[in-house]
Amino acid sequence: MREEYSVDIQHLRAFYEVARLKSFSKAAAALYLSQPAVSRQISSLEAEIGLPLFVRMANHVSLTEPGRKLLTYAEEIIRTLEQANRTIQDLRDLRQGTVTVAADSYLSNYFLPRFAGEFHRRYPSLQLQIRSHPHGDLYNLLAGGEIDLAFFCGVEPSENLPLTLEPLYQERLFLVTSTKLSSKAVLKTRDISNVMTLSNKQENPEVNGFPNSTRIAEVIAEYSPFLFPPLTYLFSKYKEFLSDEQSPADAPVTVDSLEGIKTFLLNGFGSSILPESLIKQELEQGALLGVPLNCTYPIILTYPKDFRLPHPALLFIGVIHKLINK
């Protein structure tokens, strides 16, 4: 009858490290054990198997034939155990955990909330924290481990920083007005797309990569007053669509927030150039009329390079990808 034996997993791990590092002392350091402790574990394993696993010399350790055969299985067992541990940890993370993300005020208020509901529906036991910070603060927050993910809009982080940059989405600018206009005005608004098409033809060349600003300015004039976004507005290229005569200093009405501008438009007052995330729902519901302009800004997901993200953070990224690619 064949003699059966069992292998202690700690003894097997010690064997694997000694074989990998070809040194008892280095294996002890890797396992945070003393060298005598590792020697005892190897001796116990050899006694259990009944065969020598190593040839020990003064400054060298090599595997015997039984040792080489055992190493093949040890590598697979250790790898499987590590995968199992990661899976169990991921399952624990689903029961409790927090994802902390940060971005500038625009993305924090209008882009990131789009994903909060779906994230909570899928993972109700996880917490999502959305923090608003200026661009310049995000690097230090990531480096200090205070946040898991950062989001940038329009401006890419420096290439010299040890960050992974993942473009997620192109934020489009829209020329926007209200549906609470006269029927004649509504028809004109529907014709904005024709003006946009004309502005891209040869007889109306683009200026600095944008449709001819004169033609767009003419359309904007039909829906005056134009509501200028606040000075902190990230999407500064919107000015390319205005004529030289149009200036915030001459505007009859000024509004200091994007949300305020949207409220004015919903009440049938004026027009503006706004990012899609801010007005997406109102456009879909028909509360606002908008035409996309030839101007986009990248929204970029950022996190430290060579860093294993916490599982809740990976789940949040998955939700973003799912909803953006719908």
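Residues numbered from 1 in each chain as written. Predicted model: local features only at pLDDT ≥ 70, side-chain atom pairs only at ≥ 80, totals over all residues. Heavy atoms only, no water.

1. Describing the overall build of the chain
Thinking step 1. Helix and strand counts for the chain come out as 13 helices and eight strands.
Thinking step 2. For the chain, the residues scored as buried account for 43% of the 326 residues in total.
Thinking step 3. Within the chain, contacts between residues separated by at least 24 positions form 72% of all contacts whose residues are at least 6 apart in sequence. (Helix = DSSP H or I, 4+ residues; strand = E, 2+ residues; numbered from the N terminus. Buried < 20%, exposed > 50% of the residue type's maximum accessible area, 1.4 Å probe, protein only. Contact = heavy atoms within 4.5 Å.)

2. Focus: the packing of aromatic side chains
Pairs of aromatic rings are described using the distance from one ring centre to the other and the angle between the two planes.
Thinking step 1. Within this structure, the stated rule accounts for 13 aromatic pairs.
Thinking step 2. Geometrically, the ring pair formed by F119 and F316 is edge-to-face, given 5.4 Å between the ring centres and 90° between the ring planes. Here the residue F119 occupies a position in helix α6 (residues 113-122), and F316 occupies one in helix α13 (residues 311-324), the gap between them amounting to 197 residues.
Thinking step 3. The exposure class assigned to F119 is buried, which follows from its relative accessible area of 1%.
Thinking step 4. The buried category is assigned to F316, whose relative accessible area is 0%. (Phe/Tyr/Trp six-rings, centres within 6.5 Å; stacked < 30°, edge-to-face > 60°.)

3. A few points about the packing of helix α1 (residues 9-21) against helix α2 (residues 24-31)
Thinking step 1. Direction vectors running N to C along α1 and α2 enclose 125°, while the axes themselves pass 8 Å from each other. By the criterion of interaxial angle, the relationship of α1 to α2 is oblique. You can see that α1 and α2 cross each other, and the crossing is right-handed. Contacts between α1 and α2 pair R13, A14, E17, V18 and L21 from the former with F24, K26, A27, A30 and L31 from the latter.
Thinking step 2. Classifying every residue of the contact of α1 with α2 by side-chain character gives seven nonpolar, no polar and three charged. (Axes fitted to C-alpha atoms, helices over the stretch in contact; angles between N-to-C directions. Parallel < 35°, antiparallel > 145°, perpendicular 65-115°, else oblique. Left-handed = near helix turned anticlockwise from the far one by under 90°. Nonpolar A, V, L, I, M, F, W, Y, C, P; charged D, E, K, R; others polar.)

4. Considerations on the pairing of strand β6 (residues 163-178)
For a regular strand, the rule is simple: side chains alternate between the two faces of the sheet.
Thinking step 1. In the sheet, β6 pairs with strand β8 (residues 288-304) via 14 bridges, with the strands oriented antiparallel. Following the sheet pairing, E171 is matched in β8 by Y297.
Thinking step 2. Pairing geometry for β6 and strand β7 (residues 271-275), over five bridges, is antiparallel. Within β7, the residue paired with L173 across the bridge is P275. (Pairing = 2+ DSSP bridges.)

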